[in-house]
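Structure assessment
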Amino acid sequence: MTKVIFRRYKEHDEEQIISFLDKVFEGWHNKQYWTWKFGAVKKAFDRSPIIWVAEEDNSIVGHLAAVPAEMRIGDSLVSVAQIVDGATHPKHRQKGIFKNLIDKVSEDAKKEGFYAFFGFSNVPAFEVFKKKLPWLNFCEIAQMFKVTKLGSILRKLRIEKQNGGLHARASDTSVSRTGQMNVSGAAVLIDLIRTLLNATVALAKPEKPTNDINIKIMTSNFTGERTQNLWHECSSNYNVAFERRTKNLNWRYQNPEAKYTTYNAHALKNGQLDGYSVTTIERSNLKVGPIGIVNLEIGHVMDILARNERTFRLILSHSEKSLIEHGVDLIHCWTIRNGPNYHLYREMGFCPFPENLGKITFWLYTCEKIRSLDSLWNPERILISLGDSDLY
């Protein structure tokens, strides 16, 4: 049997890595995306990513990377790294390759001075990390949804109302989707729609935020000093949060595969930035057994930061209105379950995604046990948004 060799990334590996990830994930990304994610990130954080591969017969059979980021933990700004794109060739699974790659990446993260590394993982991947990393801090991500065109979704999925319930037209319809929201079976999808519909109906309709004559919301790029001042004032509200400096945000929202819209809320009295939001629209292809490909328009709220709850509601309402005008079928965002913004999304008609459609865990592992975060790890004071991940 040929021995599997583990090594760090070397120049020009990217072509083979992209080809490998494309096969494993049945469609990954292109060279331009790779250059943004693993190349341009160096300028934003003054650190290089950590990339390890497993090779057999000069072919890549495993891959794991850690992308630099910055995090505010307590009163300290620290360097951290996100674990991304972990993959093992199907023919080489159950050989311990992924576990070895975790060891290699974590050892290098410690040597290179990273305070911690983190990930956003589904259940199987999280269980592996939990076994390998003994003092792991973690909490549950709430994927929040708001249906904007229920009738359109039902028609696209050939689901119709019968006797007060929802039923699939094809009894054995199978449903699958790549990415974080993998589902299996039309009954599960119907359960999702029923959950969302019932939750939306059951929620008390919030008072529609009126236009505040003291705040003007406009489409704009991140503004250096104003964005810095906003983050400086807001960051003290959280024990754990990813750094939202202008340089970091500009890198994150230059992903070449997406088009983002940034809304800034300015106070007319003094011109200060009171908050911002970032949105994007995904044209998702849902594979539904006998129906074929179903196209859904999903609006993602990537991030919202605001000085107070009223401004948060104003910006979310403005973002939602714009996404609806662009014809999205539903709106999606992330927050920590029972975290600082969870109740605001609920008040605005969003409801959590059913766990049976895919649970996501945010986990953080400090490179030294002495750096335990137990005293700071309170979900009510952890700020997480979709933009903190490498998705979309």
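Each remark here, short or long, concerns the structure printed above.
Computed from a prediction, not measured in an experiment: that's the story for all the values here.

The subject of this paragraph is the packing of aromatic side chains. A complete count under the given rule lists 25 aromatic pairs for this structure. Judged by centre distance (5.3 Å) and plane angle (50°), the ring pair of F120 and W334 falls under tilted. With a gap of 214 residues between them, F120 in strand β5 (residues 116-121) and W334 in strand β15 (residues 330-336) connect regions that are remote in the sequence. For the pair F120 and W334, a shared accessibility class is recorded, and that class is buried. When the ring of F362 is compared with that of W377, the centres are 5.8 Å apart and the planes differ by 25°; the resulting orientation is stacked. Here F362 is found in strand β17 (residues 361-366), whereas its partner W377 is found in the loop between β17 and β18 (382-383), with 15 residues between them in sequence. Neither residue differs from the other here; F362 and W377 are each classed as buried. Aromatic ring contacts, followed pair by pair, group F98, F117, F129, W135, W363 and Y365 into a single cluster.

Attention shifts here to the environment of K31. Summarising the element assignment, K31 is placed in helix α2 (residues 31-45). Sequence separation between K31 and E15 is 16 residues, and the spatial gap between their C-alpha atoms is 7.6 Å.

For the rest of this paragraph, the subject is empty space enclosed by the protein. Across all of its chains, the model carries four cavities of 30 Å³ or more by this definition. In this structure, the largest cavity encloses a volume near 280 Å³. Residue lining of the largest cavity: 23 residues in total, with F45, W251, R252, G387 and D388 positioned closest to the centre. Elements represented by at least two residues in the lining of the largest cavity include exactly α2, β3 (59-73) and α8 (246-252). Classifying every residue of the lining of the largest cavity by side-chain character gives 10 nonpolar, five polar and eight charged.

If you look at soluble globular proteins, the nonpolar side chains tend to sit buried side by side. By size, the foremost hydrophobic cluster in this structure holds 39 residues, and its most contacted members are M71, F120, F362, L364 and I384. I50, A66, A109 and L133 belong to the second-largest nonpolar core, a separate cluster that totals 24 residues.

Of the positions making up helix α7 (residues 224-234), those classed as buried are T227, L230, W231 and C234. Buried residues in α7, looked at end-on, bunch into an arc of 95°, giving them a common side. Exposed positions of α7 whose direction lies more than 90 degrees from the buried face are E225 and H232.

Here we take up the pairing of β15. Of all seven residues in β15, seven are buried, a share of seventy percent or more. Residues L330, H332, W334 and I336 line one face of β15 and the alternating positions I331, C333 and T335 line the opposite face, and both faces are buried. With seven bridges joining them, strand β6 (residues 136-147) and β15 adopt antiparallel strand pairing. By the bridge assignment for β15, M144 is matched with C333.

Calculation criteria
- Residues numbered from 1 in each chain as written.
- Predicted model: local features only at pLDDT ≥ 70, side-chain atom pairs only at ≥ 80, totals over all residues.
- Heavy atoms only, no water.
- Phe/Tyr/Trp six-rings, centres within 6.5 Å; stacked < 30°, edge-to-face > 60°.
- Helix = DSSP H or I, 4+ residues; strand = E, 2+ residues; numbered from the N terminus.
- Buried < 20%, exposed > 50% of the residue type's maximum accessible area, 1.4 Å probe, protein only.
- 1 Å grid on protein atoms, 1.4 Å probe; cavity = no way out; pocket = protein on both sides within 12 Å on 5 of 7 lines; lining within 4 Å.
- Points joined across faces, edges and corners; volume = space filled by probe spheres on them.
- Nonpolar A, V, L, I, M, F, W, Y, C, P; charged D, E, K, R; others polar.
- Core = buried A, V, L, I, M, F, W, Y, C linked by side-chain atoms within 4.5 Å.
- Arc of directions from axis to C-beta.
- Pairing = 2+ DSSP bridges.

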